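Descriptive analysis of the structure
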Amino acid sequence: MRRQVVTGAAGVLTLAVLWEGYKLLAPDDGVVVAGLTVLPRSNDVAMPHLWDMAARAAAPVTSAPGAEPLWLAVGQAAAFTLGVAAVGWVVGVTVGLLTATLMQRFRTAESALLPWVVLSQTVPLIALAPLVRRWGSQLEIGAFAWQDWMSVAVIASYLAFFPVSVGALRGLSSPDAVHVDLLRSYGVGWWRTYSTLRLPAAVPHLLPAVRLAAANAVVGAVVAEVSIGLRGGIGRMIVEFGASASADPAKQWSPIAGAVVVGLVAAGACVLLSRALDRYRVSEVS
Amino acid sequence: MSATAPTSPSSRSGPVEPAGPPDSPDATTTAAAAVEVRGVSRRFASRSGDVVALSDVDLTVRAGEFVSLIGPSGCGKSTLLRLIADLDRPTGGELTVFGRPPHVARQNHDFGIAFQQAGLLPWRSVRANVELPLELHGTGRAARRARATELLGLVGLADFADHRPDQLSGGMQQRVAIARALAESPSLLLMDEPFGALDEMTREHVQTELLRLRAESGAAVVFVTHSIPEAVYLSDRVVVMSARPGQVREIVPVALGSAGDRTDGLREDDQFFDRVRAVREALHGTDGATGVGRGVDQR
Ligand SMILES: Nc1ncnc2c1ncn2[C@@H]1O[C@H](COP(=O)(O)OP(=O)(O)O)[C@@H](O)[C@H]1O
Ligand SMILES: [Mg+2]
């Protein structure tokens with residue numbers, strides 16, 4: 001865990017050094033060659049100093065009296081997005097595992113489903129978001145009414161499910177023939193073979209897939225918030241503050257940093273999960 | 001699962017009689033034989049034509065008897081073992097295990113099995129690996145634990161119960177696999193070159209250990225090997241097979257005393273060399289044809 005924390009901190013620090021270093025060295029208006037911007041502008045509007053961002057984060061969101069500090073608003077938005085992404089991640093991992101299980105169990109399911117699983121990821125998110133929202137709004141079962149955040153979670157899960165289904169299928173098919181034969185010789189059925197052999201053997205394939213799914217869920221949630229127009233999340237906040245960037249250039253960087261934090265938290269959660277499943281990560285013995 | 005076996009272990013504790021006519025009919029009528037193979041064939045269809053792995057094989061393994069299968073690689077030893085274990089189905093002929101079709105015997109847990117690869121589950125401790133068949137068949141936690149402790153003591157690995165398989169040497173892993181195969185006190189043990197990957201020193205050690213375990217359990221054993229001395233040292237009878245198509249060429253009675261009486265000293269015995277020669281001659285054929293024994297370890 002400590003190693004991952006150090007790596008994460010080093011990454012953030014490197015980014016900060018590069019940012020200020022670029023500001024120091026690059027010309028204010030960037031480098032333009034034959035009308036093409038080769039290097040971006042480094043003036044204080046395009047790239048505010050890190051300390052200006054920090055100062056802005058401590059100040060209130062708006063000049064309205066009683067407005068909460070920016071960092072608090074960003075924190076709430078980040079927590080909201082993280083929650084939606086987590087729901088999407090859980091749904092995506094579950095659906096991915098179920099799909100892979102179905103494909104492993106029935107050969108015909110594999111040939112019928114796998115092309116669709118791959119094809120599903122070619123549908124652009126931007127096209128999908130309004131569709132999901134429309135379908136969802138038509139859903140009303142008793143007291144249950146579809147919420148916009150659910151549409152965002154669905155899209156996050158849609159991106160999360162793909163690596164899991166592919167990774168899990170590989171993992172569930174990974175046991176050695178000798179292990180499969182052994183369990184067959186015990187006369188146990190498919191389910192016991194699945195739970196005692198295939199699922200534990202799939203863990204080394206599942207963990208990277210689950211990490212990728214977490215990253216996808218966060219990106220999916222942030223982008224879907226924007227395209228669906230869901231308020232309260234970090235994605236929407238970036239766009240909103242970005243609109244006032246010329247007047248208040250440092251402001252939009254707070255939600256951007258918030259999005260980075262959401263990603264780091266998601267990655268950290270995956271590290272914890274890996275550690276919980278540590279004993280299944282041993283390499284195969286002969 | 002010895003309760004389901006028709007013969008009690010005590011009835012086979014005496015010295016094993018030198019084998020008479022290998023397939024004498026009364027073997028089936030008095031008590032169900034451990035394994036009964038009648039005219040069994042196995043043909044594998046492949047793109048480049050059919051492969052006849054086994055052709056019209058007859059074999060009877062009596063309850064409590066140790067029978068080795070030996071022959072050049074590709075002669076169908078593993079295939080025959082897999083047919084007995086119901087991991088594969090014959091394309092012709094018939095097999096029974098304790099008088100029942102193999103799939104029934106498998107559901108009854110009538111046999112234990114061990115392969116050339118130890119095949120331990122790497123995420124389970126040594127103890128949990130030995131407990132695996134008991135756990136899958138619903139034995140209670142305490143009984144499972146007691147049995148695993150007992151078995152690990154038997155194979156000399158009591159101190160390694162809580163280790164992971166990858167912390168053990170190849171020979172130790174194989175001993176765990178044998179303990180696992182013995183977990184349910186099966187009346188039949190099926191072993192496919194279980195010592196094939198071990199060095200000579202370790203191998204002789206586990207051979208003697210297997211003889212002792214077998215004497216204690218009274219189980220019948222079908223043992224695939226490509227080592228003539230190993231087959232002679234362990235077996236009551238050695239089944240010599242030939243390839244393309246896989247057939248039983250000859251059955252050589254060995255019976256160098258009961259399993260419990262055999263010790264390492266036997267390896268130096270004239271009788272032992274005598275039987276080794278007999279098996280080697282059977283492998284090579286009396287016509288002196290060359291190449292029949294290819295792939296067979298003649299040390
Ligand atoms: N699943 C299979 N599909 C096709 N051919 C097979 C299969 N299993 C075994 N064979 C063939 O059957 C023959 C006997 O194989 P096997 O029983 O493994 O030999 P042995 O164990 O004596 O070395 C070989 O020619 C092998 O290629
Ligand atoms: Mg073989």
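Remember, it's a predicted structure, so these values are computed and weren't measured experimentally. (Residues numbered from 1 in each chain as written. Chains lettered and ligands numbered in written order. Predicted model: local features only at pLDDT ≥ 70, side-chain atom pairs only at ≥ 80, totals over all residues. Heavy atoms only, no water.)

Should their charged atoms come close, side chains of opposite charge can pair. Taken as a whole, this structure holds 26 salt bridges over all chains when the rule is applied. A salt bridge links A:Lys23 to A:Asp44, with the nearest nitrogen and oxygen atoms 2.8 Å apart. Pair noted here: A:Lys23 is in helix 1 (residues 2–25) and A:Asp44 is in the loop between strand 2 (36–39) and helix 2 (50–58), with a separation of 21 residues, a long-range link. Judged by relative accessible area, A:Lys23 falls into the buried class, the value being 10%. Where salt bridges share partners, they join A:Arg184, B:Asp86, B:Arg89 and B:Arg106 into one cluster. (Salt bridge = Lys/Arg side-chain N within 4 Å of Asp/Glu carboxyl O. Helix = DSSP H or I, 4+ residues; strand = E, 2+ residues; numbered from the N terminus. Buried < 20%, exposed > 50% of the residue type's maximum accessible area, 1.4 Å probe, protein only.)

Moving on, we get to the sheet that holds strand 7 (residues 220–224) of chain B. All names here are of chain B. With respect to topology, 6 strands assemble into an open sheet ordered 5-6-7-3-8-9, the strand pairing being mixed. With partners counted over all chains shown, the strands left at the sheet margins are strand 5 (111–114) and strand 9 (247–253), one partner each. Strand-to-strand twist in this sheet, taken as the mean axis angle between neighbours without regard to direction, amounts to 15 degrees. The pairing of strand 3 (residues 66–70) with strand 8 (residues 237–242) spans 4 bridges and is parallel. When the sheet's bridge partners are listed, Ser68 is paired in strand 8 with Val238. Across the sheet, helix 9 (residues 270–284) touches strand 3, strand 8 and strand 9, and the angle it forms with strand 9 is around 165 degrees. (Pairing = 2+ DSSP bridges. Axes fitted to C-alpha atoms, helices over the stretch in contact; angles between N-to-C directions. Contact = heavy atoms within 4.5 Å.)

Take helix 7 (residues 200–217) of chain B next. All names here are of chain B. The end-to-end C-alpha distance of helix 7, which contains 18 residues, comes to 25 Å, matching closely the 26 Å that a straight helix rising 1.5 Å per residue would cover. Among the residues making up helix 7, those that are buried are Arg203, Val206, Gln207, Glu209, Leu210, Leu211, Leu213 and Arg214. Where helix 7 is buried, its residues contact strand 3, helix 5 (141–154), helix 6 (170–182), strand 6 (188–192), strand 7 and helix 8 (228–234). (Expected span 1.5 Å × (residues − 1).)

Residues and elements named next belong to chain B. Residues Met191, Phe223, Val232, Val238, Val240 and Val279 are the most contacted members of the largest nonpolar core, which totals 49 residues. The biggest single contributor to this core is helix 6, with 7 residues. When residues are assigned to domains, this core turns out to be shared by domain 1 (26–110 + 187–286) and domain 2 (120–185), each giving three or more. Beyond its immediate stretch of four places on either side in the chain, Val240 contacts Ile70, Gln247, Val248, Arg249, Glu250, Val252, Val279, Ala282 and Leu283. (Core = buried A, V, L, I, M, F, W, Y, C linked by side-chain atoms within 4.5 Å. Domains from an automatic or database assignment.)

Moving on: the pairing of strand 3 of chain B. Taken residue by residue, a regular strand's side chains alternate between the two faces of the sheet. Counted residue by residue, strand 3 of chain B has 5 buried out of 5 residues, so it is predominantly covered. Here strand 3 of chain B shows no split at all, with B:Phe66, B:Ser68 and B:Ile70 on one side and B:Val67 and B:Leu69 on the other all buried.

Further remarks concern the domain arrangement of chain A. Accessible area lost on assembly of the parts is the figure often given for the size of an interface. Residue and element names in this part refer to chain A. Segmenting chain A into domains produces domain 1 (1–47) and domain 2 (49–281). Here domain 1 and domain 2 have C-alpha centroids that lie 28 Å from each other. At the interface, 11 residues of domain 1 touch 13 residues of domain 2. Together, the buried faces of domain 1 and domain 2 total about 1000 Å²; carbon and sulfur atoms form 71% of this surface. One can count 2 residue pairs in polar contact (both at pLDDT 80 or more) joining domain 1 with domain 2. Here the side of domain 1 that touches domain 2 is composed, by residue class, of 7 nonpolar, 1 polar and 3 charged. (Buried area = accessible area lost by both parts, 1.4 Å probe. Polar contact = N/O pair within 3.5 Å; in protein donor to acceptor, adjacent residues only side chain to side chain. Nonpolar A, V, L, I, M, F, W, Y, C, P; charged D, E, K, R; others polar.)

Looking now at the pairing of strand 6 of chain B. All names here are of chain B. With 5 of its 5 residues buried, strand 6 lies for the most part within the structure. Where strand 5 meets strand 6, 4 bridges bridge the pair, whose relative direction is parallel. For Gly112, the partnering residue across the bridge sits in strand 6 and is Leu189. Strand direction decides the pairing type here: strand 6 and strand 7, joined by 5 bridges, are parallel. Paired with Leu190 across the two strands is Val222, which belongs to strand 7. The parallel pair strand 6 and strand 7 is bridged by helix 7, and the resulting crossover is right-handed. (Right-handed = clockwise from strand over helix to strand, strands pointing away.)

Residue and element names in this part refer to chain B. In the neighbourhood of ligand 1, the contacting residues comprise Phe44, Val51, Ala53, Ser73, Gly74, Cys75, Gly76, Lys77, Ser78 and Thr79. Take Gly74: an N or O atom from its main chain is 2.7 Å from an oxygen atom of ligand 1. Between ligand 1 and Ser78, the relevant distance is 2.7 Å, taken from an oxygen atom to a side-chain nitrogen or oxygen of the residue. For ligand 1, whose accessible area on its own is 560 Å², the fraction buried by protein is 60%. Among the elements of the structure, strand 2 (51–61) and helix 2 (77–84) are those that each provide at least two residues to the shell around ligand 1. (Near = heavy atom within 4 Å. Areas by Shrake-Rupley, 256 points an atom, 1.4 Å probe, with all protein chains shown as cover.)

Another point: a nonpolar patch on the surface. All names here are of chain A. On the surface, Phe80, Val87, Val91, Val95 and Trp149 cluster together to form a nonpolar patch covering roughly 360 Å² of accessible area. If you tally residues by element for the nonpolar patch, the top one is helix 3 (residues 70–105), at 4 residues. Here Trp149 shows up in helix 6 (residues 148–172). (Patch = residues over 30% accessible without salt bridge, like charges linked within 9 Å, V, L, I, M, F, W, Y side chains within 5 Å.)

This paragraph deals with the sheet that holds strand 2 of chain B. Residue and element names in this part refer to chain B. As summarised here, the arrangement of the 3 strands in space is 2-1-4, forming an open sheet in which the pairing is antiparallel. Where the open sheet ends on each side, the last strands, each with one partner, are strand 2 and strand 4 (92–97). Strand after strand, the sheet turns through a mean of 20 degrees between neighbouring axes, direction not considered. Sheet topology places strand 1 (residues 35–44) next to strand 4; 5 bridges connect them, and they run antiparallel.

Of the residues lining the interface, 23 residues belong to chain A; the matching set on chain B comes to 28 residues. Both sides of the chain A and chain B interface together cover about 2400 Å² of buried area, and 60% of this is carbon and sulfur. Scanning the region where chain A abuts chain B turns up 2 salt bridges. Across the contact surface, chain A and chain B share 8 residue pairs in polar contact (both at pLDDT 80 or more). Listing elements by their share of the side of chain A that touches chain B, those giving two or more residues are helix 7 (177–185) and helix 8 (190–228) of chain A. Looking at the side of chain A that touches chain B element by element, the count peaks at 7 residues for helix 7 of chain A.

Moving on to the confidence of the model for chain B. All names here are of chain B. In this model, chain B carries a mean pLDDT of 82, and residues with pLDDT of at least 70 account for 84%. Here helix 1 (residues 26–30) is the element of chain B with the lowest mean pLDDT, 45, and helix 4 (residues 126–136) is the one with the highest, 95. Here residues 1–29 scores under 50 on pLDDT; set against residues more than four positions off or in separate chains, the count is 43 contacts. For this predicted complex, the interface score ipTM comes out at 0.80, while the overall pTM is 0.81. (pLDDT = per-residue confidence, 0-100.)

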